[in-house]
Amino acid sequence: MNKKISFVGCGNMAEAIVSGIVKSGMNPLDIIASRRDAMKLNELHNKYGITVTPSNKSACESADTVFLCVKPIMMKKICEEIKDSVLPHATIVSIAAGVTIKQLQEWLGKDKKIIRAMPNTPAMVQEGMTSLSLSDMMKEDSQKEDVNNIKSLFECCGKCEIVEEYLIDAVIGVSGSAPAYIYMMIEAMADGAVKEGMPRQMAYTFAAQAVLGSAKMVLESGKHPGELKDMVASPAGTTIDAIAALEKNGFRNAVIQAVVTAAEKNKKM
């Protein structure tokens, strides 16, 4: 991409996206980030070579793509601050949970090109999963190139899919919040191994790699997760007994309820 990109607000998630974009080979001088913390801006400049500014308006004035990466509670104020500084052709990408495309249009103007994105924290190690929901304007054939460009940016830090906005709550439950569930599972698996005598750091490595490898099997084999489970669970073996213990203790339902609870909470935000 031979385009200018700005990040209004540059916390952990925005930095993860910046990192992926720079690693993909984009000229860091084409990226500008704004935030209030001068020390953090300095760190970002020194680490990635990007341009930094304390001014949100300045960050937008020459950008072809504007990433809005501020907290949801601040989004209305920031949108009203920058709306006259955004170039007419610029695409605006919001990563704020709970802030709808309709709200963004109200705050920025209905003539703006808006995409609502929902990345997750594994983007920090280039293994994120991001959904993109398009405003009606961005669904037009004339905008396909811009949409593909945005998708490519997120693919610098993982996988990315176009998703209708009505599914965003499900995305939050199954992807946005999901790393926390997985970390809990890794911790619990490691605790079990420690109980059986394994050193803790070794237990974390074994548990985390088991999760990583299993996820890769689902993504790359094309097999149903249930089929992959059955491949591990031999008759009268250790695995089928472990599965029975998980089912007895409500593992499957607990995970389903976690996803649904996160989704329902997002609807109320």
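Structure first, text after, so check above.
All chains use their own residue numbering, which begins from 1 and follows the written sequence. Given that the model is predicted, a residue must reach a pLDDT of at least 70 before its local features are reported, and side-chain atom pairs must reach 80 or more before they are shown or counted; all residues, however, enter totals for whole chains, interfaces and linings. Working from all heavy atoms in the structure, the side-chain values ignore hydrogens and water.

Right, let's get into the pattern of salt bridges. When a carboxyl oxygen of Asp or Glu lies within 4 Å of a side-chain nitrogen of Lys or Arg, that pair is called a salt bridge. Going through the model one piece at a time under the given rule, you end up with 15 salt bridges. Close ionic contact of D111 with K112 constitutes a salt bridge, the shortest N to O distance being 3.9 Å. Each residue is placed in one exposure class: buried if its accessible area under a 1.4 Å probe, protein chains only, is under 20% of its type's maximum, exposed if it is over 50%, and partly exposed if it falls in between. The class for D111 is exposed, based on a relative accessible area of 54%. Residue K112 is classed as buried on the basis of its relative accessible area, which comes to 10%. A salt bridge links R116 to E165; the nearest nitrogen and oxygen atoms lie 2.9 Å apart. Here R116, found in strand β6 (residues 113-118), pairs with E165, found in the loop between β8 (158-162) and α7 (168-176); they are 49 residues apart in sequence, far enough to count as distant. Residue E165 is classed as partly exposed on the basis of its relative accessible area of 25%. Labels follow the DSSP assignment, with helices taken as runs of H or I lasting at least four residues and strands as runs of E lasting at least two, numbered in each case from the N terminus.

Residue position: T65 is located in strand β4 (residues 65-68). Under the relative-accessibility criterion, T65 is labelled buried at 3%. Filtering out sequence-adjacent residues up to four positions away, T65 remains in contact with K4, I5, S6, T91, V93 and I150. Every residue pair with non-hydrogen atoms within 4.5 Å of one another is taken to be in contact.

This part is about helix α2 (residues 38-48). K40, L41, L44 and Y48 are the residues of α2 that are buried. The arc enclosing the buried residues of α2, seen along the axis, measures out at 105°, which places them on a common side. Exposed residues pointing more than 90 degrees away from the buried face of α2 are listed as A38, M39 and N46. Looking at the buried positions of α2, the neighbouring elements they touch are α1 (12-23), β2 (31-34) and β3 (51-53). This arc describes the spread of directions from the helix axis toward the C-beta atoms.

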